[in-house]
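# Observations on the three-dimensional arrangement
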Amino acid sequence: MIRDTRADRAYFDRYIGESEAHIAQMEAKLVAPASEREGMGLRRGIASDRLNVIRARYSRGDDLEEIRPAALEAIISQIDFLRKTGYGGSIELASMAALFGVDAHCADAIAGAMGAAGNLDRVTAAILASVGSEVESPWHNLVWPRGFTELADALEAGPGPEAIGLIKSYLVVWYRRNQGAGWAGSHRDLPRMLYTGYWSWEAAAVARGLGLAGEPSLVQSVNYPADLAVFLSIDR
């Protein structure tokens with residue numbers, strides 16, 4: 001069953017097919033790139049497209065067990081580029097890593113790369129710690145206070161009604177707060193083939209880490225990836 005109904009299955013089929021064809025073209029060029037710079041650009045493009053395909057496959061309704069191997073590969077392929085990735089992209093990757101169940105070694109690698117870029121804070125570190133990262137958590141730090149305060153406060157509150165309320169509040173304002181993001185509004189222009197779904201991976205990852213992934217008030221949010229939140233969660 002399709003998970004994101006802002007686009008239909010035919011759209012996601014087309015998006016995934018075209019993206020996979022583009023990946024194949026870039027991989028063919030990567031065999032003999034014209035320069036080191038072109039090779040780096042191709043690798044980054046492949047990694048980006050792979051992650052977009054995972055987003056679209058999730059939105060299309062693909063089985064999570066079937067998505068997971070490709071998701072782990074896509075997540076790992078992004079690690080080398082985290083030093084040049086902003087906080088929004090970094091917290092999304094850390095959250096997807098936790099939800100799809102990377103191992104502790106991979107979680108540490110993501111945390112290390114995020115730390116080098118200045119994007120490891122008490123929220124991202126806690127998300128990665130939930131899958132075994134032992135990188136020290138900078139609990140004094142929140143990189144983007146205006147965007148993620150509710151999640152930081154939920155982690156501080158710990159499992160319980162207060163944390164549930166805070167995560168729910170975050171989900172209520174999530175899309176509005178991201179109006180300036182490049183992907184916002186992409187569902188209104190499907191012919192441009194930019195839409196992969198609207199999902200607050202980070203809300204699900206925080207809820208998962210707190211053992212609250214299946215809470216009904218969170219599951220009701222259209223932007224909460226409910227089945228993925230409980231897929232490998234401790235309260236499954």
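See the structure shown above.
So, here is what we can say about the structure in this document. The structure presented is a predicted model; accordingly, all values stated were derived computationally and were not measured.

### Looking at the overall build of the protein
A count of helices and strands for the protein gives eleven helices and zero strands. Counted from the first residue to the last, the protein has its helices and strands arranged as α-α-α-α-α-α-α-α-α-α-α. Here the C-alpha atoms of the protein give a radius of gyration of 17 Å, agreeing with the 18 Å that 2.2 N^0.38 yields for 236 residues. Counting only C-alpha atoms and orienting by the principal axes, one finds that the protein spans roughly 55 × 40 × 35 Å.

### Observations concerning the layout of surface pockets
For the largest pocket, the calculated volume is near 750 Å³. At the level of elements, helix 2 (36–60), helix 4 (87–100), helix 7 (145–157), helix 8 (161–177) and helix 9 (201–209) are the ones that each hand at least two residues to the lining of the largest pocket. When its residues are assigned to classes, the lining of the largest pocket shows 14 nonpolar, twelve polar and five charged.

### Structural notes on unusual backbone geometry
One non-glycine residue, M193, lies in positive phi territory at about 60°. For M193, the position within the fold is in the loop between helix 8 and helix 9. Overall, the relative accessible area of 15% leaves M193 in the buried class.

### Observations regarding the environment of Y195
Along the chain, Y195 turns up in the loop between helix 8 and helix 9. Spatially, the C-alpha atom of Y195 lies 21 Å from that of M26, the residues being 169 residues apart in sequence. Excluding residues within four positions of it along the chain, Y195 makes contact with D4, R6, A7, Y11, F12, Y15, S186, H187 and L190. For Y195, the side chain forms a polar contact with the side chain of D4, separated by 2.5 Å. Among the polar contacts made by the side chain of Y195, one reaches the side chain of R6 at a distance of 3.5 Å.

### A closer look at the packing of aromatic side chains
To describe a pair of aromatic rings, you give the distance between the ring centres and the angle between the ring planes. Considering all chains together, one arrives at 13 aromatic pairs under this definition. With a centroid separation of 5.3 Å and an interplanar angle of 70°, the aromatic rings of Y11 and F12 are classed as edge-to-face. Between Y195 and Y198, the ring centres sit 4.8 Å apart and the planes meet at 80°, which makes this aromatic pair edge-to-face. The exposure classification of Y195 matches that of Y198, with both residues buried. In this structure an aromatic cluster arises from ring pairing among Y11, F12, Y15, W174, Y175, W183, Y195 and Y198.

### A look at the nonpolar core
Counting residues in hydrophobic clusters, the biggest one holds 78 residues, and the most contacted among them are I75, F100, I110, V123, I167 and Y224. Discounting chain neighbours no more than four positions away, the residues touching I75 are L51, L93, M96, A97, F100, V102 and I110.

### A short note on the side chain of D49
By the secondary structure assignment, D49 is in helix 2. It turns out D49 is buried and unbridged, and the closest side chain with the opposite charge, R55, is 8.2 Å from it. Within the structure, the side chain of D49 is placed 2.7 Å from the side chain of H22, a separation counted as a polar contact. D49 has contacts with S19, H22, I23 and M26, leaving out every residue within four places of it along the chain.

What counts, and where the lines are drawn
Just so you know, the residues in each chain are numbered from 1, in the order the chain's sequence is written. Per-residue local features are limited, in this predicted model, to residues with pLDDT of at least 70; the limit for side-chain atom pairs, both in listing and counting, is 80 or more; totals at the level of whole chains, interfaces and linings are taken over all residues. Hydrogen atoms and water are omitted, and side-chain values are computed over all heavy atoms in the structure. Numbering of helices and strands starts at the N terminus; helices are DSSP runs of H or I of at least 4 residues and strands are runs of E of at least 2. We compute the radius of gyration from the C-alpha atoms alone; for a globule the expected value is 2.2 Å times N to the 0.38, where N is the number of residues. Grid points spaced at 1 Å and placed over the protein atoms alone form the basis of the search, with a cavity being a set where a 1.4 Å probe fits but cannot get out and a pocket an open set showing protein on both sides within 12 Å along at least five of seven lines. Lining residues have an atom within 4 Å of a point. Grid points are joined across faces, edges and corners, and a volume is the space filled by probe spheres set on the points. Residues were grouped as follows: Ala, Val, Leu, Ile, Met, Phe, Trp, Tyr, Cys and Pro as nonpolar; Asp, Glu, Lys and Arg as charged; and all remaining residues, including Gly, as polar. Per-residue accessibility, obtained with a 1.4 Å probe over protein chains only, is compared with the maximum for each type, and a residue is labelled buried under 20%, exposed over 50%, and partly exposed between these values. By the convention used here, residues are in contact when the closest approach between their heavy atoms is within 4.5 Å. Throughout this description, a polar contact denotes any pair of N or O atoms lying within 3.5 Å of each other; where both atoms belong to protein, one of them has to be capable of donating a hydrogen while the other can accept it, and for residues adjacent in sequence the pair is counted only when both atoms sit in side chains. Pairing of aromatic side chains requires ring centres within 6.5 Å, counting the rings of Phe and Tyr and the six-membered ring of Trp. Pairs whose planes differ by under 30 degrees are stacked, by over 60 edge-to-face, and all others tilted. To qualify as a nonpolar core, a set must consist of buried Ala, Val, Leu, Ile, Met, Phe, Trp, Tyr and Cys residues joined through side-chain atoms within 4.5 Å. His is not counted, nor are the chain ends, whereas Lys and Arg count as positive and Asp and Glu as negative. In what follows, salt bridge is the name for a side-chain nitrogen of Lys or Arg lying within 4 Å of a carboxyl oxygen of Asp or Glu.

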